[in-house]
Amino acid sequence: MSDESKTEPEVRPNPATPPVIHEGLPTQLPDIDPDETNDWIDSFDALVDDRGRQRARYVMLRLLERARQKQVGVPALRSTDYINTIPPEREPWFPGDEDIERRIRAFIRWNAAVMVSDANRKGLEVGGHIATYQSSASLYEVGFNHFFRGKDHPGGGDQIYFQGHGSPGIYARAFLEGRLTEQQLLNFRQEVQHGVGKGLSSYPHPRLMPEFWEFPTVSMGLTAINSIYQARFNRYLHNRKIKDTSEQRVWAFLGDGEMAEPESLGAIRVAAREELDNLTWVINCNLQQLDGPVTGNGKIIQELEANFRGAGWNVIKVIWGREWDDLLARDVDGVLVNQMNTMPDGAFQTFSVEDGAYNREHFFGPDPRLRKMVEHMSDRQIEKLPRGGHDYRKVYAAFDSATQHVGQPTVILAHTIKGWTIDALEGKNATHQMKKLNKEDLKRFRDRLYLPISDKEIEERYDADHTAPFFHPGVDSPEIEYMLERRRQLGGSVPKRVVRAKPLKVPGDEVYSDLKQGSGNNKVATTMALVRLLKDWMKDPEIGKRIVPIAPDEYRTFGMDAMFPTAKVYNPGGQQYESVDRKLLLKWRESAEGQMLHESIFEAGAMASATAAGSAYSTHGEAMIPFYIFYSMFGFQRTGDSIWAMADQLARGFLIGATAGRTTLTGEGLQHADGHSPLLAATNPAVVHYDPAHAHEIAHIMQDGLRRMYTVTPEHPMGEDVIYYVTVYNEPVTQPAEPENLDLQGLLKGVYRFGDGPDLGPDAPKVQLLASGVGFPWIKDAQRLLAEEWGVSADLWSVTSWNELARDGVAAERWSLLHPEEHARVPFVTSQLGGAGGPFVAVSDFMRAVPLQIARWVPGDFHALGTDGFGFADTRPAARRFFNIDAESVVVQALQALAQQGAVKAETVTEAFRKYRIDDPTAVSGIAQEGGDA
């Protein structure tokens, strides 16, 4: 602290109930020298009486600063004065050409605004946002010209999360660099009508522009958490000696309104705890959200500072431009700083749109000392007093300090004005929704930027088609040469996404042989079969070290605690204590080189880790294989937006929905009982869902997943950008050996004939039973009951993926629609089930809507059973009887379907219904279950 204006709000505890700990200071320690203590208190009282409260305050703050330097253990202040963290005398020398860089900013500002305005011409009107980039242009350009390292940098390059609504500015810079054409700018938000790939996506979307954008950022809140876990994963790669990431920094550009999202602040303690000094957040505090002020009656910068300081971050505030330095130097009484501290954000927003006279009266006017401080300034000079986030030197000082800071992540809180430099938008509440500039707006904007564009050029273009001309100074201009040279020095243009990872040599068939042999007389849950395969994968010399196990505090639940002693839990600080179970064989072990990511009870963080690991093939050129295992109910339902962003980022890997099913996770009840995650997964085009019933199915599905995502195939020479979602169960069941002559194509496409029904003679009724996952034993039991008690022969079909069958059906119909001159394409499920006799009955431990996805393509009468409704706590037999999905319910449904076809008598259905009492869960109350624990 270098001035007398640092502040902390005064806290007055209730004297009747003094706290044991007050802001981290112990109050019940014995006073070993009361006389000395009283001397210090008397000295302080004298300082207050003789020199005043401001001087006493300054001295106390300097003492606190000194105490921290001496590591006395005094806690840090929760917030500081509403002024710049870095005083003028500590600002570094600015190495760039400020005049050229100002002109570059002007060119980009113009093209960014014009791009959005043009996209909203009459007859097009595809939206966009002008104001966000205008407020953050200086923040970005300091980074582009001096800090952001590209992919060709020797250290590997930085990872930069650009604020979604600021995308027009990033496109505008790429245009000046020659990476985008003027036609592409004109095609902003028009991604197909001019030809696929000839337009620009609305926001950063790697799936839509895979060579340009690296990180999707427009789902508010996800940028924050994903950037934290990206920085953490960089350290993970480094500590595990997979890649040297010591020179790579993660930058995240965020908005102050965005900080209200729980994901924005929910993981900041992780970054502090792991000392991620490779992470810098830049929060554009323009004090506005979509509708109005972020905190009109409060001070969002002060609020955020307290949040981050309390979490252990390094906080740098950039609030005022250099023109304020002289005024602050004159503030010997602290009256100016006090006014800055107490003025609410809503007032500062108003000051940004009013003239100098208004600011003189309402900001400086209330106190004669303030009025005197600016009496030498004109109203125009007062009006032009800038916010710090628009001052290139102030921003550079903050960025420079952030990159040199060690031991903590850094957040830069930059005070800006939304829509800055555009008179029609600047600071207005509706500025976020303002998307179109008229001729006069454009002329005033041009004048403010000092651009050499004539009135005639603007008028002719606008009158012709309601657009405005883009501006480029020429490839040989000093500005273009300067910006390109800066990027060459920093390792190339950004953003840029490249894929440099080598395809992996995946394990051969032998690693899957145990799963294909079945379990004999033992019963094994599919979760345990999958975990066994994971352990074998981790022993593989090629891919073993590249597997990233991830779990939100559930490793023991899924039988993975045996991995603790060998694979170890990742902790950059190692294990600095003796664990309570250290004498046990399966003891808890943490290590800086640990392989297992333990994310506490935090599914959002686990998903962020999965995303970072799954995209490492592009962000780092290192193919990593995330294996994220979780309660299936808490995957897509809780973090579906994160999985959507993971798909947008073209990440790959395995999501394992364990303890799946509405009736299988016995006893847990409504919140845990998953009966619909396949439907949620079906909404994500990149997610390939499988619901295997048997261990051998798991073997083939996982093997094919590795092949598709991590090896070279003719269709995808760099690997396929999909995510596997596999639902597995905790119920022990007998695992059959892999059938001879297994229909592997059918298994991978979604359905195969597992076995024929018994031969009951040519006149015996016939039915087809289909099931997925844990439902397969039910149809196997139903097959026996139908044959032994009702004389019906049932064929068994194992459905490994209702979703993939449905997608194939939709794709076939669309192909046929687009090729009317050719024979219609037959969906796979239609051809696979063709020729099977009798009606079809399908069942799973999910809602009816899951199997009903394929109903229109099944070549016969189709009936589905499922677990529609909320789950509840009870035994599996009781729950399955309640939902009518058990073997007896399948039998009644099969008989009813046959009766509707006239193959059995209607009375037979009634007889079976009464015999099995499928409407009465009490009928199965005496049936024991095994493996009831999670």
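Rules and cut-offs
- Residues numbered from 1 in each chain as written.
- Predicted model: local features only at pLDDT ≥ 70, side-chain atom pairs only at ≥ 80, totals over all residues.
- Heavy atoms only, no water.
- Helix = DSSP H or I, 4+ residues; strand = E, 2+ residues; numbered from the N terminus.
- Buried < 20%, exposed > 50% of the residue type's maximum accessible area, 1.4 Å probe, protein only.
- Patch = residues over 30% accessible without salt bridge, like charges linked within 9 Å, V, L, I, M, F, W, Y side chains within 5 Å.
- Areas by Shrake-Rupley, 256 points an atom, 1.4 Å probe, with all protein chains shown as cover.
- Salt bridge = Lys/Arg side-chain N within 4 Å of Asp/Glu carboxyl O.
- Lys, Arg positive; Asp, Glu negative; His and termini not counted.
- Charge placed at Lys NZ, Arg CZ, Asp CG, Glu CD.
- Expected span 1.5 Å × (residues − 1).
- Pairing = 2+ DSSP bridges.
- Axes fitted to C-alpha atoms, helices over the stretch in contact; angles between N-to-C directions.
- Contact = heavy atoms within 4.5 Å.
- Parallel < 35°, antiparallel > 145°, perpendicular 65-115°, else oblique.
- Left-handed = near helix turned anticlockwise from the far one by under 90°.
- Polar contact = N/O pair within 3.5 Å; in protein donor to acceptor, adjacent residues only side chain to side chain.
- Core = buried A, V, L, I, M, F, W, Y, C linked by side-chain atoms within 4.5 Å.
- Nonpolar A, V, L, I, M, F, W, Y, C, P; charged D, E, K, R; others polar.
- Phe/Tyr/Trp six-rings, centres within 6.5 Å; stacked < 30°, edge-to-face > 60°.

1. A closer look at the environment of Gln-288
Line of reasoning, step 1. Residue position: Gln-288 is located in the loop between strand E5 (279-285) and helix H10 (300-311).
Line of reasoning, step 2. Look at Gln-288 and you get buried, because its relative accessible area is 4%.
Line of reasoning, step 3. Placed 631 residues apart in sequence, Gln-288 and Asp-919 show a C-alpha to C-alpha distance of 58 Å.

2. Some thoughts on a negative patch on the surface
Line of reasoning, step 1. On the surface, Asp-31, Asp-33, Asp-35, Glu-36, Asp-39, Asp-42, Asp-45, Asp-49 and Asp-50 cluster together into a patch of negative charge.
Line of reasoning, step 2. Relative to the helices and strands, Asp-42 is located in helix H1 (residues 34-51).

3. Considering helix H30 (residues 776-790)
In an α-helix, one turn spans 3.6 residues; hence positions three or four apart end up facing the same way.
Line of reasoning, step 1. With 15 residues, H30 should reach 21 Å at 1.5 Å per residue; the first-to-last C-alpha distance of 20 Å fits that figure.
Line of reasoning, step 2. Within two residues after H30, Gly-791 carries a phi angle of roughly 70°, on the positive side.

4. Details of the sheet that holds E5
Line of reasoning, step 1. Spatial ordering of the open sheet is given by E3-E4-E5-E7-E6, a layout of 5 strands whose pairing is parallel. Edge positions in the open sheet fall to strand E3 (159-161) and strand E6 (314-318), since each of these has one partner strand only. Strand-to-strand twist across the sheet, computed as the mean angle between neighbouring axes with direction ignored, equals 15°.
Line of reasoning, step 2. The strands touched by helix H4 (residues 131-146) are strand E4 (250-255), E5 and strand E7 (410-415); relative to E5, the strand with the most contacts, the crossing angle is about 140°.
Line of reasoning, step 3. Helix H7 (residues 222-239) rests against E3, E4 and E5 of the sheet, and its axis sits at about 170° to E4.

5. Description of the packing of helix H22 (residues 526-538) against helix H28 (residues 695-710)
Any two packed helices are characterised by how steeply their axes cross, that is the angle between the axes, and by the distance between the axes.
Line of reasoning, step 1. Packing of H22 against H28 leaves a shortest axis separation of 10 Å and a crossing angle of 45°. Taken as axis vectors, H22 and H28 run oblique relative to one another. Handedness of the H22/H28 crossing: right-handed. Touching Thr-526, Ala-529, Leu-530, Leu-533 and Trp-537 of H22 are Ala-695, Ile-698, Met-702 and Leu-706, all from H28.

6. Details of the pairing of strand E9 (residues 547-551)
Line of reasoning, step 1. By the criterion of burial, E9 is predominantly enclosed, with 5 of the 5 residues buried.
Line of reasoning, step 2. Residue alternation in E9 divides its side chains into two sets, Ile-547, Pro-549 and Ala-551 and Val-548 and Ile-550, and both sets are buried.
Line of reasoning, step 3. Of the strand pairs in this sheet, E9 and strand E13 (residues 625-631) are connected by 4 bridges, and their pairing is parallel. Of the residues in E13, the one forming a bridge with Val-548 is Pro-626.
Line of reasoning, step 4. Sheet analysis places E9 next to strand E12 (residues 597-598), joined by 2 bridges and oriented parallel.

7. Regarding helix H18 (residues 439-449)
Line of reasoning, step 1. Residues Asp-441, Leu-442, Lys-443, Phe-445, Arg-446 and Leu-449 constitute the buried set of H18.
Line of reasoning, step 2. Buried-residue contacts for H18 involve helix H3 (98-119), H4 and helix H19 (455-465).
Line of reasoning, step 3. The N-capping residue of H18, defined by a side-chain oxygen 3.1 Å from the backbone nitrogen of Glu-440, is Asn-438.
Line of reasoning, step 4. Of the residues flanking the end of H18, it is Tyr-450, one or two places downstream, whose phi is positive at about 55°.

8. A few points about the nonpolar core
Line of reasoning, step 1. Counting residues in hydrophobic clusters, the biggest one holds 110 residues, and the most contacted among them are Phe-654, Met-702 and Leu-769.
Line of reasoning, step 2. Here the element with the most residues in this core is H28; it accounts for 8 residues.
Line of reasoning, step 3. Those residues in contact with Leu-769 that lie beyond four places of it in its chain are Ile-779, Ala-782, Gln-783, Leu-786, Ala-794, Asp-795, Leu-796, Trp-797, Val-841, Val-890 and Ala-894.
Line of reasoning, step 4. Counting 71 residues, the second largest nonpolar core, distinct from the first, contains Val-114, Phe-162, Leu-180 and Ile-412.

9. Let's talk about the packing of H3 against H18
Line of reasoning, step 1. For the pair H3 and H18, the least separation of the axes is 10 Å and the interaxial angle reads 165°. Our classification of the angle between H3 and H18 gives roughly antiparallel. Here H3 runs over H18; the crossing is right-handed. Two secondary-structure elements touch here, H3 through Arg-102, Ala-106, Arg-109, Trp-110, Ala-113 and Val-114 and H18 through Leu-442, Phe-445, Arg-446 and Leu-449.
Line of reasoning, step 2. Residues belonging to the contact of H3 with H18 are distributed by class as follows: 7 nonpolar, no polar and 3 charged.

10. Regarding the pattern of salt bridges
Line of reasoning, step 1. Scanning the entire structure with this criterion turns up 57 salt bridges.
Line of reasoning, step 2. Residue Arg-753 is joined to Asp-756 by a salt bridge in which the shortest nitrogen-to-oxygen separation is 3.2 Å.
Line of reasoning, step 3. Overall, Arg-753 belongs to the partly exposed group, its relative accessible area being 34%.
Line of reasoning, step 4. Of the residues examined, Asp-756 reaches a relative accessible area of 56% and is grouped as exposed.
Line of reasoning, step 5. The network of salt bridges with common partners includes Glu-98, Arg-322, Asp-391 and Arg-393.

11. Quick look at the sheet that holds strand E19 (residues 766-771)
Line of reasoning, step 1. With respect to topology, 5 strands assemble into an open sheet ordered E18-E20-E19-E21-E22, the strand pairing being mixed. Strands at the two margins of the open sheet, each flanked by one partner only, are strand E18 (751-755) and strand E22 (862-865). On average, each strand axis in the sheet is tilted by 25° relative to the strand beside it, whichever way the strands run.
Line of reasoning, step 2. Here 4 bridges tie E18 to strand E20 (residues 793-799), and the two strands are oriented antiparallel to one another. Looking across to E20, one finds that Gly-755 is bridged to Leu-796.
Line of reasoning, step 3. Those strands touched by helix H34 (residues 887-900) are E19, strand E21 (840-843) and E22, and its axis lies near 160° from that of E22.

12. A look at the packing of aromatic side chains
Line of reasoning, step 1. Scanning all chains against the criterion turns up 56 aromatic pairs.
Line of reasoning, step 2. Each ring, one from Tyr-161 and one from Phe-215, has its centre 4.0 Å from the other, and the planes form 20°; the classification is stacked. Taken together, the positions of Tyr-161 in strand E3 and Phe-215 in the loop between helix H6 (182-186) and H7 put the pair 54 residues apart, joining distant regions of the chain.
Line of reasoning, step 3. Classification of Tyr-161 by relative accessible area gives buried; the value is 2%.
Line of reasoning, step 4. By relative accessible area, Phe-215 is classed as buried at 2%.
Line of reasoning, step 5. With a centroid separation of 6.3 Å and 75° between ring planes, the pair formed by Trp-790 and Tyr-916 is classed as edge-to-face.

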